[in-house]
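Report on the structure
Listed here are the chains, written in short residue letters.
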Amino acid sequence: MAGSIAVGTSELERPRLALLPFPTSVGILLGVALCAHLAAMVCALTGSGLAAAVYLVGGQFALSLGLLRLYNGVWVFQDLRLPMVVFLFLYGFSLPAISVLRGTYSPGLTEAALLYGTAFAGFNVVQWWFKQPWRDVPASALAWVRPTFANAALVLLGFIAVVGYAYSKGTRQFLTLDRTQMTWLYTQTWVVSMLLMNGFVMYMFAGWPSMTRNAKRLVVWTVLAYVIFHLGLGNRRDFLAMFLFLVGMLASRRRSVIGFRTMLVAFLAFSGFMLVGIVRQIRSAPWTLYTMTPLTMVTEQNEFVMPIQTATYYMSIDRPFMLGMTYLAAPGAFIPRVLWPEKPIGLSSQFNRDKFGDVIVPGFAYTPITEAYINFSFVGPFIVLSLISLASVFLVRHARDRPLLYFLCFSLVLDFNRGESAGVLYSLVVIGAAFALMRFVSQIQWAPSAFREMWPPPALADGVEGARE
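A short tour of the structure in this document, coming up. Along each chain, residue indices are assigned from 1 in the same order as the chain's sequence is written. Given that the model is predicted, a residue must reach a pLDDT of at least 70 before its local features are reported, and side-chain atom pairs must reach 80 or more before they are shown or counted; all residues, however, enter totals for whole chains, interfaces and linings. Think of the side-chain values as coming from all heavy atoms in the structure, minus any hydrogens and water.

1. Brief notes about the overall build of the protein chain
What counts as a helix is a DSSP run of H or I of at least four residues, what counts as a strand is a run of E of at least two, and both are numbered from the N terminus. Each helix and strand counted, the protein chain has 21 helices and two strands in total. The buried label goes to any residue with under 20% of its type's maximum accessible area, the exposed label to any with over 50%, and the partly exposed label to all in between, with areas taken from a 1.4 Å probe on protein chains only. In the protein chain, buried positions account for 48% of the 469 residues. Considering only intrachain contacts with a sequence separation of at least 6, the fraction spanning at least 24 residues in the protein chain is 79%. Note on contacts: a residue pair is in contact if any heavy atoms of the two residues lie within 4.5 Å.

Structure representation (C-alpha cells):
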C-alpha cells in the first residue's frame, strides 16, 4: 500500500529503521473495521439491533489490533494492551455472535453488546491520541531481584499452608476435579493466600537468571505441585496470574514477536483450559451429558459466554445508578468483615442475590463493563475504558522504569476483564505486598549447609555465572 510511517523502535530491541512501508496487515485490519462499521449501520437501519452491535464490537476490535500493530511495528504479546483487547473482545463478542447465528435473542443482550462496542471506542480514542509504542524490558531491569534460600522457603511454606488450610476446612479429595469443594474453601483467608502465593512465585520468576540450576528445580517442583493441587480441585484461576507474569516477562526479555509457534501454544493452552472446564462441569453435573453435547458446552457454557449476562440482566430491570460509588467504596474491601459486620457484599455476590436470591450460581463473573454501566448508564463503559486505556499508556511508557508493576498488571489482564474494581485493586495491593515481603526476606543470606551450593552468596553466585559464560 502507498504511504509510509515512522515507527518508534529502540536500538536495544530491534534495528532502527527511519521509515517502514505501511504494513499490509494494518491496512487489512482497517479495511475490516470500516466494512464492519458500515455493516453495523446497515443492520441498525434495518432493525437488526443485535447484529449491528456484533458488527460494532468486531469492527472496534479490528481497529484496536490495527492501531497496536501500527505503533509497535510488529505483533507483540508482551504489550499488555494486546491481551487486554483480545479478552475484552471475547467477553463482549462471544454470546451476541452465537445468538445471532442461532437466531435466539434474550432481553438486554443487544444493549449489553453495544456497551462493549462503546467501551472499545473509548479505549481506541486514547490509543489513537497518544500513539505509544511498546519497548521491550531488558533482563537488566530486574537484575536487582536475587531470590535467596529464605525466599524459596517462603514459597514452600506458603504451599504447605494452602494445602493445610484446605484440609482444615474439610477438603479430603484433592484430585477429583470436584469444584463443589470450593464452596467452603472460598473465604477471605483463602483469597489472600492465593494472591500471596502468586506474588511469591512471581518474585522467584523475576529473579530466575540469578538462581542456580538446582534452586530452579526446587521452585519448579513446588509450583508444579501447586498447579496440580488446584487442577485437582477443578480450579483454573488461582495459578493463572503467575504464568501470565512469566510469559509476559520472558517474551519481553527475548524480544519475542508473535508467530506461528506463539499462536499454536496459545491455542493449546486455551484448549486445555476449556477441557478442564468441560470435565469439571460433567464431574459436578453428570446429567449434562444427556442434555447437551460437548460442542454445545464449549460454545454456550464457556468462560467467555457467561459474564456478559450480568450486564444483560441489569439492562432488563429498573435499578438506580450508583454514580461512581462502587469505585469510591473499593478501598473498603481491605476492611475485614469481622471489624465491619455491615460491610456491603461484592458486586458479583450482589448480582447472584438480585437474580437468583439466596442460591449461589457460579460462572457469572462480574465485568468492568457491567460495573461501569450500573454507575454511569450507557456512557459509563466509554468513560471507564478511556481511563483504563490512559493507564495502559502510562504502564507501557514506564515499563522499563517499573518492571514489576508492569508485569504484575500484565498478569491481571484476564482478572480485570472478569472482575470488579474492588477485586482488581485488592489483587494489586496484596500481590504488591507479597513482592515487598519477598524483597525484605531476600536480605537474609543464610542457608542450611545442605543447601549452600543451591543458594550461594550473591558475590559467589556472580562469579559462578561469569565462569559459565
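There is more to say after this.
2. Quick look at the packing of aromatic side chains
By convention, a stacked pair of Phe, Tyr or Trp rings (six-membered ring in the case of Trp) has centres within 6.5 Å and planes under 30 degrees apart, an edge-to-face pair has planes over 60 apart, and any other such pair is tilted. Taken as a whole and judged by the stated rule, the model has 26 aromatic pairs. Residues Phe89 and Phe93 carry aromatic rings whose centres are separated by 4.6 Å and whose planes lie at 25 degrees to one another, so their mutual orientation is stacked. Taken together, the residues Phe89 and Phe93, both in helix 3 (residues 81-102) and four residues apart, mark about one turn of the helix. Judged by its relative accessible area of 15%, Phe89 falls in the buried class. Members of the aromatic cluster, connected to one another through ring pairs, are Trp134, Phe245, Tyr406, Phe407 and Phe435.

3. Description of helix 5 (residues 149-168)
The span one expects for a helix is its residue count, reduced by one, times 1.5 Å. Under the 1.5 Å per step criterion, the end-to-end length of helix 5 is 28 Å for 20 residues, consistent within 8% with the ideal 28 Å. Residue Gly170 follows helix 5 closely and has a positive phi angle near 110 degrees.

4. Remarks on a nonpolar patch on the surface
Patches draw on residues past 30% relative accessible area with no salt bridge. Two like charges within 9 Å are joined, as are two nonpolar side chains (Val, Leu, Ile, Met, Phe, Trp, Tyr) within 5 Å. Here the accessible surface of atoms and residues is derived via Shrake-Rupley with a 1.4 Å probe, and residues count as covered only by protein chains that are part of the display. Salt bridges are defined by distance alone: a side-chain nitrogen of Lys or Arg within 4 Å of a carboxyl oxygen of Asp or Glu. Residues Val125, Trp128, Trp129, Phe130, Val379, Phe382, Ile383, Leu387 and Leu390 make up a contiguous nonpolar surface patch of about 910 Å² in total accessible area. Every element with two or more residues in the nonpolar patch is listed here: helix 4 (109-130) and helix 17 (380-397). Looking at the element boundaries, Leu387 is found in helix 17.

5. Comments concerning the pattern of salt bridges
Two side chains with opposite charge may pair up if their charged atoms get near one another. The final tally for this structure, using the stated rule, is two salt bridges. In this structure, Asp415 engages Arg237 in a salt bridge whose closest nitrogen and oxygen atoms are separated by 2.8 Å. You can see Asp415 sitting in helix 19 (residues 413-417) and its partner Arg237 sitting in the loop between helix 8 (213-232) and helix 9 (240-253), a full 178 residues away along the chain. Classification of Arg237 by relative accessible area gives partly exposed; the value is 36%.

6. Some points on the environment of Gly423
As for its placement among the helices and strands, Gly423 is situated in helix 20 (residues 421-441). Residue classification places Gly423 among the partly exposed residues on the basis of a relative accessible area of 33%.

7. Considerations on the packing of helix 3 against helix 4
Working convention: axes come from line fits to C-alpha atoms, limited for helices to the stretch in contact. Angles between N-to-C directions cover 0 to 180 degrees. At a minimum axis distance of 10 Å, the contact between helix 3 and helix 4 shows a crossing angle of 160 degrees. By the angle between their axes, helix 3 is roughly antiparallel relative to helix 4. Between helix 3 and helix 4 lies a crossing whose hand is left-handed. Side by side, helix 3 and helix 4 meet where Arg81, Met84, Val85, Leu88, Phe89, Tyr91, Gly92, Leu95, Pro96 and Ser99 of the first sit next to Leu109, Ala113, Tyr116, Phe120, Phe123 and Gln127 of the second. Looking at the contact of helix 3 with helix 4, its residues break down into 12 nonpolar, three polar and one charged. Roughly parallel means an angle under 35 degrees; roughly antiparallel, over 145; roughly perpendicular, 65 to 115; everything else is oblique. What makes a crossing left-handed is the near helix being turned counterclockwise from the far one by less than a right angle; a clockwise turn instead makes it right-handed. Only Asp, Glu, Lys and Arg are considered charged, only Ala, Val, Leu, Ile, Met, Phe, Trp, Tyr, Cys and Pro nonpolar, and every remaining residue, Gly among them, polar.

8. Topic: unusual backbone geometry
Phi at Leu323 is positive, roughly 55 degrees, even though this residue is not glycine. One can find Leu323 in the loop between helix 13 (308-315) and helix 14 (325-328). Exposure remark for Leu323: the relative accessible area of 63% places this residue in the exposed category.

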